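Fold and contact review
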Amino acid sequence: MKMIKHYFLLLVLAISVVSYAQDESDLAKTAQNPVGDLISLPLQNNTSFGLGSYDRTQNVLNIQPVYPIKAGKFNLITRTIFPIITQPDVASETGSTTGLGDINFTTFLSPGSPGKFIWGIGPTISIPTATSDIPGFGRWAFGPSVIALTISGPWVAGVLTSNIWSMGGESDKPDVNFFLLQYFINYNMEGGSYLVSAPIITNNWEVDDSLILPFGGGIGKILRLGKLPINANLQAYYNVVTPEGGPKWSTRIQVQFMFPK
C-alpha cells in the first residue's frame, strides 16, 4: 500500500512538471506574438559598437509598454516606445550625452480569435521628443505598420514592417521617409527556453548610405519572479551593411514583464 502511494505521488509530480513546462512553452509563444492578447512591459536594451573613427558605443534603452484593448471581434494592441539614449561624441574619444529620444506610438488592429495566420495593421507615429544632442528626426512622422506571423508547433515566425513620412515639426529639419522591417524566427523548446533571430533592418530613404542590415540571433527563456512570468533573452547581431561611420555590431538584452489575463 505504501509503495502504491509513493508511485501515485511520483505520478502526480511528473504530471505537474510536464504541465508547468507546457505552461512556460505556451507563455514563450504568447510573448513572441507582437499582437497577442497580453499586457506586458518589455525593457529592451540595445548597445551598438564601433561608431565613428574612434569606435564609440551607443546605448538605447527602450521602455515599451504593450496594452491590448478589446474591440468587438478584434483587439487593439497599443505599444509605446520611450527610448533612453546614451549618445557618444563620435568625433572624440570621450564624451557622451544621455536623454530621451523620439517617442514612437503604434496601434495594431488584429482579430480577437486568429487562426494559424495572424495579422495586425494600424498607424505608427513618431513624436519629436528627442532632447538636445540626442538623435531624433525633429519632425512629427506618421505612416502604416503591418505585421503577419504564424505559430506552428515549436515555431513562431513572422515579419513586422512600417514606413513613416514627416508631417510637421521644425521646418529646418530634413524630411523623413523612414523604413523599418523586422523579421523574427523563434524555435521553442521544453520548459520555456527558445532560440531567436529578430534583426531590425532600417533605412531613411531621404539620406544616402543609411541602410543598416544586421544578421544574428540569440537565446531566451521564460523565468518566474514569484508568480510573475518574465521573458528574458540575449541576442547579438553583426551589421552586414552599415553606413560609413555606423555601428559594426550590436547586442540586445530584453526583460519583458508579462501580465497574463
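Structure first, text after, so check above.
Notes on the structure in this doc start here. (Residues numbered from 1 in each chain as written. Predicted model: local features only at pLDDT ≥ 70, side-chain atom pairs only at ≥ 80, totals over all residues. Heavy atoms only, no water.)

1. Focus: the environment of Ile103
As for its position among the elements, Ile103 is in strand β6 (residues 103-111). Setting aside chain neighbours within four positions, we find Ile103 in contact with Thr80, Ile81, Phe82, Pro83, Ile125, Ser126, Ile127 and Thr129. (Helix = DSSP H or I, 4+ residues; strand = E, 2+ residues; numbered from the N terminus. Contact = heavy atoms within 4.5 Å.)

2. What to know about the side chain of Ser197
Positionally, Ser197 belongs in strand β11 (residues 193-197). The residues contacting Ser197, other than those within four sequence positions of it, are Tyr183, Phe184, Ile185, Gly216, Gly217 and Tyr237.

3. Section: the pattern of salt bridges
A full pass over the atoms with the stated rule returns three salt bridges. Among the salt bridges present, the one from Glu24 reaches Arg224, with a minimum N-O distance of 2.7 Å. Linking Glu24 in helix α1 (residues 2-31) with Arg224 in strand β13 (residues 213-225), this pair joins segments that are 200 residues apart in sequence. Measuring nitrogen to oxygen at the nearest pair gives 3.1 Å for the salt bridge that ties Lys248 to Asp55. On the criterion of sequence distance, the pair formed by Lys248 in the loop between β14 (228-241) and β15 (249-259) and Asp55 in the loop between β1 (39-51) and β2 (56-63) is long-range, its members being 193 residues apart. Look at Lys248 and you get partly exposed, because its relative accessible area is 39%. (Salt bridge = Lys/Arg side-chain N within 4 Å of Asp/Glu carboxyl O. Buried < 20%, exposed > 50% of the residue type's maximum accessible area, 1.4 Å probe, protein only.)

4. Focus: the pairing of β14
For a regular strand, side chains alternate in direction, first toward one face of the sheet and then toward the other. Here 13 bridges tie β13 to β14, and the two strands are oriented antiparallel to one another. Each residue of the ladder has a partner; that of Leu223, found in β14, is Ile230. Between β13 and β14, which pair antiparallel one after the other, the connecting turn spans two residues, and Gly226 there sits at a positive phi close to 65 degrees. Note: β14 against β15, nine bridges, orientation antiparallel. In the strand pairing of β15, Ile230 is matched with Phe257. (Pairing = 2+ DSSP bridges.)

5. Details of the environment of Pro42
For Pro42, the position within the fold is in strand β1. Pro42 sits in the buried class, given a relative accessible area of 4%. Residues Pro42 and Met258 lie 216 residues apart in sequence; the distance between their C-alpha atoms is 8.2 Å. With residues up to four places along the chain from it excluded, the contact list for Pro42 reads Asn62, Ile63, Gln64, Pro65, Val66, Gln254, Val255 and Gln256.

6. Details of the nonpolar core
Membership of the largest hydrophobic core comes to 20 residues, with the highest contact counts inside it found for Val35, Phe108, Ile147, Leu149, Phe184 and Met258. For this core, the elements supplying multiple residues, two or more each, are α1, β8 (139-152), β9 (155-169) and β11. It is α1 that provides the largest number of residues to this core, a total of three residues. Ile147 has contacts with Pro34, Val35, Phe108, Ile118, Trp119, Gly120, Val159, Leu160 and Phe184, leaving out every residue within four places of it along the chain. (Core = buried A, V, L, I, M, F, W, Y, C linked by side-chain atoms within 4.5 Å.)

7. Quick look at a nonpolar patch on the surface
A cluster of nonpolar side chains, namely Leu211, Leu213, Phe215, Tyr238, Val240, Val241 and Trp249, defines an oily patch on the protein surface of about 660 Å² accessible area. Going through the elements one at a time, β13 and β14 are the ones with two or more residues in the nonpolar patch. Counting residues per element, the nonpolar patch draws most heavily on β14, which supplies three residues. For Val240, a relative accessible area of 52% corresponds to the exposed category. (Patch = residues over 30% accessible without salt bridge, like charges linked within 9 Å, V, L, I, M, F, W, Y side chains within 5 Å. Areas by Shrake-Rupley, 256 points an atom, 1.4 Å probe, with all protein chains shown as cover.)

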